[in-house]
Amino acid sequence: GGERQTNFGSTFEVPPRFRRQQNDEREGGRGPQDGSFSRGADSAPGQKSSWGSGDTGAPRRGDSREGNRGPRDSDNRSTGSNWGNKTSDDRPSRDSNWGNKSNDDKPRNSNWGKSSSDTSGGAMAEPEVDDSALDMGAPSEYSSLTPDVGSQHKITISWAVDPGQIWAMLLPNIDGLMQLMNDLQKYCQSKMAAAVTDVTPGTPSLAKSPADNTWYRVTIVAPQGPTECRVYFVDFGNTDVVPRSALRLMKGRFLRLARQALPCSLHDLAPTPPGQWSAQAVDKLHQLFQQCESHDCTVVEEVDGKMSVKIASKGQDFAETLVTSGHAVRPSAVSVRPPATRITGGDPLRTGAEVYVSHVDNPHQFFVQESSVSEYLEKMSAQLQEYYSGLSPTDVPGTLDVGGVVCAKYSADGQWYRAEVLTTYSDGSVSVCFVDYGNPDHVQPSNLRPLSEKHALTPPFAVKCRLNGVKPTGQNWSESETEAFSTLTLDKPLSVVITPHPTSPLTTLVAEEGDVSELLITGGSALAAPPTVIIPTRVVEVATSPEVYVTYIETPDSFYVQLSSDSDQIDRLSESLQEVYGGETEVATYVTPGDYVCSRFTEDQLWYRSVVESNDGGQVTVRFVDYGNTDTVTLDDIRVLTPDHIDPPLAVRCCISDLKPSAGDWSDEEVDVFRQLTSDRPLTCEFLTATEPYGVAVSEESGSLSDTLTAGGCGVLKSAPQIIEDSPLPQEGVEVYMSTINTPSLFYIQLASVTDQLDDIGAKIAQIYNTPSSDREVGSVVTGDYVCAQFTEDGLYYRAKVTGVEGADVKVVFVDYGNTDTVAMTTLKRLTPDLISVPKCAVECALHGASPSSPGVYSESEIARFSMETTDVGFTCQFMEKSQETGRVTVKLTVGDRDLLEILQTAEPEVATPATEVVAMTTTPATDVTAIPPAVIPENVSEGYISHINSPDSFHIQLSASTADIESVAEKLLAYLSEQDDKWKVDSASVGDTVCAKFSEDGLFYRCQVVATEGSNFTVNFVDFGNDETVEVGSLRGVDALLMSTPSLAIHCKLDGIRPSDGAWTESEIGVFSALTLDKPLQCVFTDVTSCHPTGVTVTVADGDLLGRLLESGCGVRPVTIATQDPPTARCEAFVSHAVSPGEFYLQLASNTEHIDTMAADLQIKYSSIDNGEFDLTRVAPGDVVCALYSEDGQWYRAVVLTTTDDVASTQFLDYGNVDDVSLGSIKRLTEELHTTDRLAIRCVLDGIQPSSGGVWNTTESLAFVTAVMDAPLMVDFKSQCVGGRCRVSVMKGGVDLVTSLVAGGCGVSCDTAVHLYPCPMPSDGDEVEVHVSHVETPNNFYVQPVELSSSLEELGASLQTLASDPLPLVSDVDVGGFVCVKFTADELWYRAVVQEVSGDLVTVLFVDYGNTDFIARDQVHVLPPEVTTLPRCAANCSLTSIRPHDGDWTDAEIDAFNNFIADKTVALSSTLDVTTQRY
């Protein structure tokens, strides 16, 4: 609706969308970044959105659900034919649409007064009301507008939830409503308006909307606590919660105007699939209503005070559009009449299900029950008899409405059944259909009872069906034909096959004797009907601009075009159609809306492909799909379309995106101008949207067609697109922060000066967009539009730019931050002018001079380095130049006096350098020095004590062997802090900084890491104990670099073999765990020595195995696991099911293909059909084996939970290997029988290849590997050697070794994995070992040889010289990483080496037993003899801790000084391994 100006000086919106204001607290400058916000509960009642699922704030009957939600236990099969001791002729039943819930929380009064209507479409006549009686306090109702059936009106939509819940206003009545609104404002603002003290539901009142402070007419729905009340806005259709202080007594004169919101539903329409309307259907309805303000409405019938209507605009029937777009169906198995008491909608029939026919009207109308519901049906029958036999006849419903549901006594057996009212009679009796069986009955009032809500929760057990492939031999089905069908189907188990159709489902039934349709045809009881043909979808790519011709015009908002590129195809198709259908072809004697047929056009008597739009007694309206025009023909002019002609339509329906009518609807004159300017001439058509009708921009040789049209009097241009301008760039250097980091060539910055501006924007957005409003909904968007979009991570709105549209999904970039998201189109809002006027707060940038080391693509390590150097760092920024092509600004960034580019180009330091200078061995306090090394995890059984407990999944252990270190660190802290406490004080700290903090309980300082900050408060983790505490800045101290060398003395652990009983550890379970472990010596075996966060551990206590004690005490349960199948020993065929890189992929054996397919089919049947809560999980925890719904294909698969958040779990699919984020509602319990099969995907690593960089597979290499292996049969040999749980494999593809082809294509380098030298054995637990320093580069890069290997090293040298006396074979392919044997240039002796670099004919090698390097000719590199590969490398690479050079790089003098200290000496070395650099 648009805005209408009123006399009381405010803007009155038609229609208003109300929502109470929320308190939206935002943090300045943070924005929609990952993890920035956590969305709290929505405290505001009211509508989620104007097109949402109704009034979410109102109490709904049935919210507290009882009992079983549906009979879907596939294990319970009934083979008997006598269900409930009822014959086929006396089974009671259901009507069929129980999926559409009417607004139960909307007040519905059975005595709405009817007023006369102007059938010509004018204003409705208003009933007279006795004003004096009303003012005396007598209770009164609003009168209702009830247009006559068949009348036509111009309407505007004031509120819509879905196609079954729409509120409309008659346009001629708007002026009267405006006058009433003016009077309301004056009255309610005067002293004459009395406050409301009685909030009895149903009372007419006046209320001030909290959204716009305007007074409206309302009906009280229900009190909401002591101070508020929910009200229904009778002139608009929506509800809201208002303060009781905002209510005023109704005056009689304000009741003279009938309530203006007409409750409506689209006629003869039901959702598909049955049940609730889909989001796509609601979105499509939204788009239809947004096309213009006024619509044509025809009243078809009135049911229970609601108008069943047809709504159209510009010749487009909205219901038909929903059907043809696949969002709705014409009812056959469902009924669109809204029940007074709703029965929960059930699932559609499943293909392959076993069913029984419960009632037959004819082969095109019968009811079936799935055999699996037999047991549930019997239970419900018993419940109904017990409950309703106890109710007295006085409990008969006061008013029985057609479409309402009741419990009725069946006349044939005197039993109670659920039923739907079909017809009411003057004597109070009704005809009903028993919803669980399908048959009808005539029931007296004394045999009716209101249906309890708990009995309405179970879906109907009978489904209305139509037999596929048959038609009657005459005009209608005869009694004998129906009897033949009944004989073949009643009391027999049948298999069902469902065929989709645009308007109704078609059913194939298979009995023991064969296909029922074929049996009827062969028995002469039916004729074969042509197969149903569904029109394929024509897809036009967005952003393409083909040449087109306009073929048919309704309006500029609805016209059809043909692509010039299709002209030859159209000619060939026309010739073929005349040739085929001009001869003897099958006449389509029976058609229904949606059928794809061939029809003869009345004007030229030629044949064209068409779709049936309606069939009115043999007068069939068709639309010619290759041209767009329509015609009304007889069945004699329709032929069955042959398979050769079933292709997508060649005409595309379009609308001009930037043009609108000059006033109201398109006039005939405007349409004529459009026709004259477009007919028989080529045009260029740019497609801007992804669904029909396609939004297009049309141009001609002279320019935009829209300009030509407006100049010729056809329409006016829509307002220019809203543009948010870029921020002006300062000329001088300014302080900036990174807001989004992608690569050095694409990142976003925010000026430090925009913090207040961001706060203002956030406050405005919070104020405006917490209240849904019709004038803020965008309807549809195209790439480049600026909108307000809801960020998925925190649910808050931000300014955004559309970067792509894919159906109902829209890709956006948040212009004030730079990060991206994909959101639903229905959630987008139109930006207000004041939000448009503020420039963007984020600047898209590229670092001046930066480029990737590999052409075109930054490696993962380069991106990680860039992110590490820029996250949470303030820079001085100098803006250089702006690209005219991309809009990206080149910038120079400096931190302190260092240029960021220089920092990135400097090799990453082996040991992180503290910001506060630390030279040689001096000690200066700092908070950002090198992080304390992680705890050393022993490989053997170790004694320890628990120092801190969060849960059995998260606790810390201190080793008994670390006691001396704990005491030593404590003594050092006490000493240096007590001597010069002031020296160590710090003003601030950041997350990740290493500090010392005072523990509140003992007043002593301990080593910590900052984990969170808030103002002057800092949350720290005591790294030697594991616990956290929040302290003030005054309790922080800098840390001496000398204290950094000792690793963390608490190991973060999780207990193996146990998980919480119910998803999360309870306080009682944690209490049991604490009682068994605290202050007790534990024998620990750490099961994952590479992990620290946390590492798995098995624990033995004095009384035995801790795991067993916990389980005996009821603390936790054993996690269910599924083993990985053993790889075959012989070569086998396999397929890659998921691939990341050559170092990480998953294989499925070809021999398992049938097993995988069978399991997939079983999973879909079991989990798609059962919806009774049997497999629901209230919680999931990491390690749980579950059944999860994959988001990309909507199918169920076995999976294991990796991580969880509040409502999403990251899961890995066990039989495929890929990972997906799955909502908790799409995760189900895995049945026991599905646990017995091993995982069918084997995790692998490709043997004989390594990354080109020697470290991480880059994006280009990974993509090349994935492209090479996906969807291709491979021959695989599994090696015995495994790496990190991955099987090493060699692979042949098409008879060629995969490694060879990958390396030839530039993906990785080959390496000889048969030759492997183990690393030098070094203690990594802090123990001392005696070494000799064998080679020095710098104090941060030198090599040592353990003294204990000295004799082995001498023997190795002698063996090599002997073995090399006979010529050693040359290495054919010298590859980086390969272990070889070469002569050292200086002494001409043979040594073991590893290839570091190959440059032409020159090879750089590192001698693995000494650490020095040499350059060797390529033809002098020899194979390493196997006899010398068993001895580990005798040199280990090391770095001296707690020291760095004075001025960035080590000088020769400093290196010489280090050499002088250690040359020719036996040195005591204590070390820990840095797993990242593999350096000690």
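What counts as what
- Residues numbered from 1 in each chain as written.
- Predicted model: local features only at pLDDT ≥ 70, side-chain atom pairs only at ≥ 80, totals over all residues.
- Heavy atoms only, no water.
- Helix = DSSP H or I, 4+ residues; strand = E, 2+ residues; numbered from the N terminus.
- Contact = heavy atoms within 4.5 Å.
- Areas by Shrake-Rupley, 256 points an atom, 1.4 Å probe, with all protein chains shown as cover.
- Patch = residues over 30% accessible without salt bridge, like charges linked within 9 Å, V, L, I, M, F, W, Y side chains within 5 Å.
- Salt bridge = Lys/Arg side-chain N within 4 Å of Asp/Glu carboxyl O.
- Lys, Arg positive; Asp, Glu negative; His and termini not counted.
- Charge placed at Lys NZ, Arg CZ, Asp CG, Glu CD.
- Buried < 20%, exposed > 50% of the residue type's maximum accessible area, 1.4 Å probe, protein only.
- Arc of directions from axis to C-beta.
- Phe/Tyr/Trp six-rings, centres within 6.5 Å; stacked < 30°, edge-to-face > 60°.
- Core = buried A, V, L, I, M, F, W, Y, C linked by side-chain atoms within 4.5 Å.
- Pairing = 2+ DSSP bridges.
- Axes fitted to C-alpha atoms, helices over the stretch in contact; angles between N-to-C directions.
- Disulfide = S-S within 2.5 Å.
- pLDDT = per-residue confidence, 0-100.

> A description of the overall build of the protein chain should follow, citing residues and the corresponding values.
A tally of helices and strands in the protein chain yields 22 helices and 84 strands. Residue pairs at least 24 apart in sequence account for 68% of intrachain contacts in the protein chain once pairs closer than 6 positions are excluded. In the structure as shown, the protein chain presents an accessible area of about 66200 Å², 49% of it carried by carbon and sulfur atoms.

> Can you lay out a negative patch on the surface for me, pointing to particular residues and giving the numbers?
Together, Asp568, Asp571, Glu575 and Glu579 make up a negatively charged patch on the protein surface. Along the chain, Asp568 falls in helix α8 (residues 567-581).

> How would you summarise helix α13 (residues 860-870) if you had to cite specific residues and measurements?
Every buried residue of α13 is listed here: Arg865, Phe866 and Thr870. When α13 is viewed along its axis, its buried side chains cluster within an angular range of 120 degrees and face the same direction. Against β42 (734-743), β43 (746-751), β48 (843-847), β49 (874-882) and α14 (900-905) lie the buried residues of α13. Backbone geometry just downstream of α13 places Asp872 in the positive-phi region, at approximately 55 degrees.

> Can you explain the side chain of Ser294? Please cite residues and give values.
Within the secondary structure, Ser294 sits in the loop between α3 (279-290) and β12 (295-303). Not counting residues up to four positions away in its chain, the partners in contact with Ser294 are Ile155, Leu171, Ser313 and Asp665.

> Requested: an account of the packing of aromatic side chains, with residues and values cited.
As enumerated under the stated definition, the model contains 41 aromatic pairs in all. Ring plane angle 75 degrees and centroid distance 4.7 Å describe the contact between Tyr387 and Tyr388, whose orientation is recorded as edge-to-face. On the accessibility criterion, Tyr387 (32% relative accessible area) is partly exposed. For the ring pair Tyr1167 and Phe1175, a centre distance of 5.1 Å and an interplane angle of 45 degrees mean the geometry is tilted. Counting every residue linked through ring pairs, the aromatic cluster contains Tyr410, Tyr417, Phe434 and Tyr437.

> Can you break down the nonpolar core residue by residue, with the values?
Phe747, Ile749, Phe879 and Leu893 are the most contacted members of the largest nonpolar core, which has 50 residues in total. For Ile749, the residues in contact, after removing those within four places along its chain, are Val736, Tyr737, Met738, Ser739, Cys841, Ala842, Val843, Cys845, Cys877 and Phe879.

> Give a description of the environment of Leu269 that names residues and reports values.
One can find Leu269 in the loop between β10 (262-266) and β11 (270-271). Between the alpha carbons of Leu269 and Pro163 there is a distance of 7.9 Å; along the sequence they are 106 residues apart.

> Break down the sheet that holds strand β65 (residues 1185-1189) for me, citing the residues and quoting the values.
Read from one edge of the open sheet, five strands run β68-β67-β66-β65-β69, paired in antiparallel fashion. Across the chains shown, the open sheet's two edge strands, defined by having one partner strand only, are β68 (1219-1223) and β69 (1227-1229). Within the sheet, the average angular offset between the axes of one strand and its neighbour, ignoring direction, is 50 degrees. Pairing of strand β66 (residues 1196-1204) with strand β67 (residues 1208-1213), which is carried by five bridges, proceeds in the antiparallel orientation. Looking at the pairing, Thr1204 lines up with Ala1209 of β67. In the packing of helix α18 (residues 1153-1169) onto the sheet, contacts are made with β65, β66 and β69, and the angle to β66 comes to roughly 75 degrees.

> Describe in detail the environment of Thr1077, supporting the description with residues and values.
Along the chain, Thr1077 turns up in helix α16 (residues 1067-1077). Its relative accessible area of 0% is what places Thr1077 among the buried residues. Counting along the chain gives 130 residues from Thr1077 to Ser947, while the straight-line C-alpha distance between them is 9.9 Å. If we ignore the near neighbours within four places in the chain, the residues touching Thr1077 are Ile946, Ile949, Leu1082 and Leu1106.

> Which residues make up the sheet that holds strand β19 (residues 416-424), and what values go with them?
The strand order across the open sheet built from five strands is β21-β20-β19-β18-β22, with neighbouring strands paired in antiparallel fashion. In this open sheet, the two edge strands, each paired with only one partner strand, are β21 (440-443) and β22 (448-450). Direction aside, the axes of adjacent strands within the sheet are offset by 45 degrees on average. The pairing of β19 with strand β20 (residues 430-434) spans five bridges and is classified as antiparallel. Paired with Thr424 across the strands is Val430, a residue of β20. Packing against the sheet, helix α5 (residues 374-388) makes contact with β18 (405-409), β19 and β22, and its axis sits at approximately 75 degrees to β19.

> Quick rundown of the pairing of β48? Include the residues and the values.
Counting buried positions along β48 gives four out of five residues, so the element sits mostly inside the fold. Two strands pair when backbone bridges link them, and β43 and β48 are joined in this way by three bridges, in the antiparallel orientation. The partner of Ile749 across the bridge, within β48, is Val843. Strand direction decides the pairing type here: β48 and strand β50 (residues 889-895), joined by three bridges, are parallel. By the bridge assignment for β50, Cys845 is matched with Val889.

> Tell me what's going on with unusual backbone geometry, and back it up with residues and numbers.
Non-glycine residue Asp491 carries a positive phi angle of around 60 degrees. Relative to the elements of secondary structure, Asp491 occurs in the loop between α6 (479-489) and β25 (494-499). With a phi angle near 65 degrees, Glu1388 is a residue other than glycine that sits in the positive phi range. For Glu1388, the position within the fold is in the loop between β78 (1379-1383) and β79 (1390-1399).

> Lay out the environment of Ile932 in plain terms, naming residues and giving numbers.
Relative to the helices and strands, Ile932 is located in the loop between α14 and β52 (942-951). For Ile932 and Cys1008, which are 76 residues apart along the polypeptide, the C-alpha to C-alpha distance reads 9.0 Å.

> Could you give me a rundown of the pattern of salt bridges, with the residues and numbers involved?
Tallied over the entire structure, the rule returns 26 salt bridges. As a salt-bridge pair, Asp566 and Arg538 come within 3.0 Å of each other at their nearest N and O atoms. Of the two residues, Asp566 is situated in the loop between β30 (558-563) and α8 and Arg538 in the loop between β28 (527-528) and β29 (547-555); the sequence distance between them amounts to 28 residues. In this structure Asp566 comes out as buried when scored by relative accessible area, which is 9%. Salt-bridge contacts for Asp1247 lead to Arg1288; the nearest nitrogen and oxygen are separated by 3.2 Å. Here Asp1247 is found in the loop between β70 (1242-1246) and β71 (1249-1250), whereas its partner Arg1288 is found in strand β73 (residues 1286-1293), with 41 residues between them in sequence.

> Residues and numbers for the state of the cysteines, please.
Applying the stated rule across the entire model yields zero disulfides. As a non-bridged cysteine, Cys877 has Cys845 as the owner of its nearest cysteine sulfur, 5.9 Å distant. With no disulfide partner, Cys1084 has as its closest neighbouring cysteine sulfur the one in Cys1053, 6.9 Å distant.

> Describe the confidence of the model for the protein chain, with residues and values.
Put simply, the protein chain has an average pLDDT of 77, and 80% of its residues get 70 or more. Every residue in residues 1-139 scores below 50 in pLDDT, and together they form 422 contacts with partners more than four places removed in sequence or on other chains. Scored below 50 in pLDDT, residues 908-929 makes 54 contacts in the model with residues more than four places away or belonging to other chains.

> I'd like a description of α6, backed by residues and values.
Since the α-helix packs 3.6 residues into each turn, any two residues three or four apart lie on the same face. All buried positions along α6 are accounted for by Glu481, Thr482, Phe485, Ser486, Leu488 and Thr489. One side of α6 holds all its buried residues, which, seen down the axis, span an arc of 165 degrees. Away from the buried face of α6 by more than 90 degrees, exposed residues Glu479 and Ser480 are located. At the exit of α6 stands Asp491, carrying a positive phi of roughly 60 degrees.

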